[in-house]
Amino acid sequence: MAIETEVLVLGGGPGGYTAAFRAADLGKKVTLVERYPVLGGVCLNVGCIPSKALLHLAQVIYEARACHAKGIRFGAPEIDLAEIRRWKDRVVKTLTAGLAGLAKQRQVQVVQGVGRFTGRHTLEVKAPDGEETVAFEHAIIAAGSRPVKLPGWPEDPRIMDSTQALALEEIPKSLLVVGGGVIGLEMACVYHALGAKISVVEVADQLLPGVDADLIKPLHQTIAERYEAIWLGSKVTSVQPAEQGLEVRFAGPNVPERQVFDRILVAVGRRPNSDLLNLEAAGITPDARGFIPVDAQRRTKVPHIFAIGDIVQGPMLAHKASHEGKVAAEAICGLPSAFQALAIPAVAYTDPEVAWMGKSEAELKAEGIEYDKGVFPWAASGRALGIGRREGLTKLLCDRKTKRILGAGIVGPHAGELIAETVLALEMGADAEDLALTIHPHPTLSETIAFAAEIIDGSITDLYLGKKVKPA
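Every value quoted in this text rests on a predicted model; they were computed, and no experiment measured them.

Analysis parameters
- Residues numbered from 1 in each chain as written.
- Predicted model: local features only at pLDDT ≥ 70, side-chain atom pairs only at ≥ 80, totals over all residues.
- Heavy atoms only, no water.
- Helix = DSSP H or I, 4+ residues; strand = E, 2+ residues; numbered from the N terminus.
- Rg over C-alpha atoms; globule rule 2.2 N^0.38 Å.
- Contact = heavy atoms within 4.5 Å.
- Areas by Shrake-Rupley, 256 points an atom, 1.4 Å probe, with all protein chains shown as cover.
- Lys, Arg positive; Asp, Glu negative; His and termini not counted.
- Charge placed at Lys NZ, Arg CZ, Asp CG, Glu CD.
- Pairing = 2+ DSSP bridges.
- Axes fitted to C-alpha atoms, helices over the stretch in contact; angles between N-to-C directions.
- Expected span 1.5 Å × (residues − 1).
- Buried < 20%, exposed > 50% of the residue type's maximum accessible area, 1.4 Å probe, protein only.
- Arc of directions from axis to C-beta.
- Parallel < 35°, antiparallel > 145°, perpendicular 65-115°, else oblique.
- Left-handed = near helix turned anticlockwise from the far one by under 90°.

In terms of regular secondary structure, the protein is built from 13 helices and 22 strands. For 472 residues, the compact-globule estimate of 2.2 N^0.38 gives 23 Å, and the C-alpha radius of gyration of the protein, at 24 Å, lies within 12% of that figure. A principal-axis box enclosing the C-alpha atoms of the protein has dimensions of 75 × 70 × 40 Å. Relative to all contacts within the protein whose residues are 6 or more apart in sequence, the contacts with residues 24 or more apart total 63%. For the protein, the exposed area adds up to about 22400 Å²; of that, 53% sits on carbon and sulfur atoms. The protein carries 51 positive and 56 negative side-chain charges, and their two centres are separated by 1 Å.

Encoded structure:
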């Protein structure tokens, strides 16, 4: 007998469980299909949460080392890898158990299994104990994404994707990270702090491609001192497994002809899981890159089927998926909801952290938008100096005529926490003067946002930029 439901949600990640919970709160009968035994998806189980837990440990190690120059000396850390794994797993288990409780409280039916559409109103679920059919009135596809695999590479357990890297089977003596994006650089930070020698190869001409170069510079300078090599504008041409390691050949400027590594982490991006869902049966056709086209309410061309998260266009970020999940659930329930975010913040939880939101300078130049820029160096911040982190900076970008906030970037500790103020400023239509006139606590890193605004506003006193009389 088929399961009958008002709202089917396919995928139990941040977008999926948010959509399911919101629809249930609005009175709908909801069935949530998730392939794994626990909710949370990639983010909670093998992504955002465990990686940030490990990055916290890396930060503790780096801070302890940095204290040597300040007169406090700690011994070399003793790494108990098994205990680290257990601690990371406890963090994940606490959150997944919480999600299971929230689903139960809302009477959301959770079905474990792999779902594929068999029609415009039916889904087949292959569960561990058999098959189920779910008949639905509305559906929200939140099936996520998976790591991109490079063609022609050998199958070898020493070649890892991000999921395998988070398993922390061992700390290799040498690790090659293929891909200088967020995931690659975050995992490089973890493995380096735990004792691995790191090399990074990136095909673009900078780390974190697409982010303004001045935001990348402090990060690049820091990790260039720590890592064995950072090869930009370069790529791997072949990998040959051998008993002594993985023999890698490169192409690019200043790269070695060949080098042997104990392990390789491949972090060159992710692809949507649309090809696994038999979408044709539901009347849905993804675009050439595998993304499902949707409108502002996240509705596909089939009016009763919605799609959210990594499987639709936009940055593959958990907070974007969660917001879309609420929009889709509310649209199904007849509320006037739409995805109208003016900015989606992004954070690389490296050391130092890099956070950005809104328009980049490159985008503003490409669009022909005249803008003013305020950059406040953390070398002039009392708080940054007090914690020994003078390498950071805070940047604001404003429309030259209206002075409204268009974008922002922050480099330094807690950049991911600090960027939220600038997102709110952009969404609220604030201008530089609004931020400059907002009294921030002192001494804090948050006040660097006000200082950057004062540079644009012409009222900065914490730096001397030449005499500039603010118009009456």
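Glancing now at the sheet that holds strand S15 (residues 263-266). One open sheet accounts for five strands, arranged S8-S15-S9-S10-S11; its pairing is parallel. Only two strands of the sheet have a single partner each, and these edge strands are strand S8 (159-160) and strand S11 (229-232). Packed on one face of the sheet, helix H6 (residues 182-193) meets S8, strand S9 (174-178), strand S10 (197-202) and S15 and runs near 170° to S10.

Here we take up the sheet that holds strand S12 (residues 235-242). The sheet built from three strands is open, its strands ordered S12-S13-S14 with antiparallel pairing. Among the strands making up the open sheet, the edge pair consists of S12 and strand S14 (258-261). Within this sheet the neighbouring strands show an average axis-to-axis angle of 25°, counted without direction. When S12 meets strand S13 (residues 245-251), the two strands line up antiparallel, connected through seven bridges. Within S13, the position partnered with Ala 242 by the bridge is Gly 245.

Moving on: helix H11 (residues 415-427). Working note: α-helix, 3.6 residues per turn, so residues spaced by three or four point in the same direction. For H11, spanning 13 residues, the distance from its first C-alpha to its last is 19 Å, which sits close to the expected 18 Å at 1.5 Å a residue. Among all positions of H11, only Ala 415, Gly 416, Leu 418, Ile 419, Thr 422, Val 423, Ala 425 and Leu 426 are buried. The buried residues of H11 occupy an angular sector of 160° when the element is viewed end-on, so they sit on one face. Residues of H11 that are exposed and point over 90 degrees away from its buried face: Glu 417 and Leu 424. If you follow the buried residues of H11, they end up packed against strand S18 (346-348), strand S19 (354-358), strand S21 (393-399), strand S22 (405-411), helix H12 (432-436) and helix H13 (447-457). Gly 429 lies just past H11 and shows a positive phi near 75°.

Close contact between helix H3 (residues 48-66) and H6 brings their axes to 9 Å; oriented N to C, the two are set at 50°. Put simply, H3 runs oblique to H6. Where H3 crosses over H6, the two elements pack in a sense that is left-handed. Here Ser 51, Lys 52, Leu 54, Leu 55, Ala 58, Ile 61, Tyr 62 and Arg 65 of H3 come into contact with H6, specifically with Glu 186, Cys 189, Val 190, His 192 and Ala 193.

Below, the discussion takes up the side chain of Ser 360. When you line up the elements, Ser 360 lands in the loop between S19 and helix H9 (361-366). Beyond its immediate stretch of four places on either side in the chain, Ser 360 contacts Gly 210, Asp 212 and Leu 397.

Geometry only, nothing functional implied.
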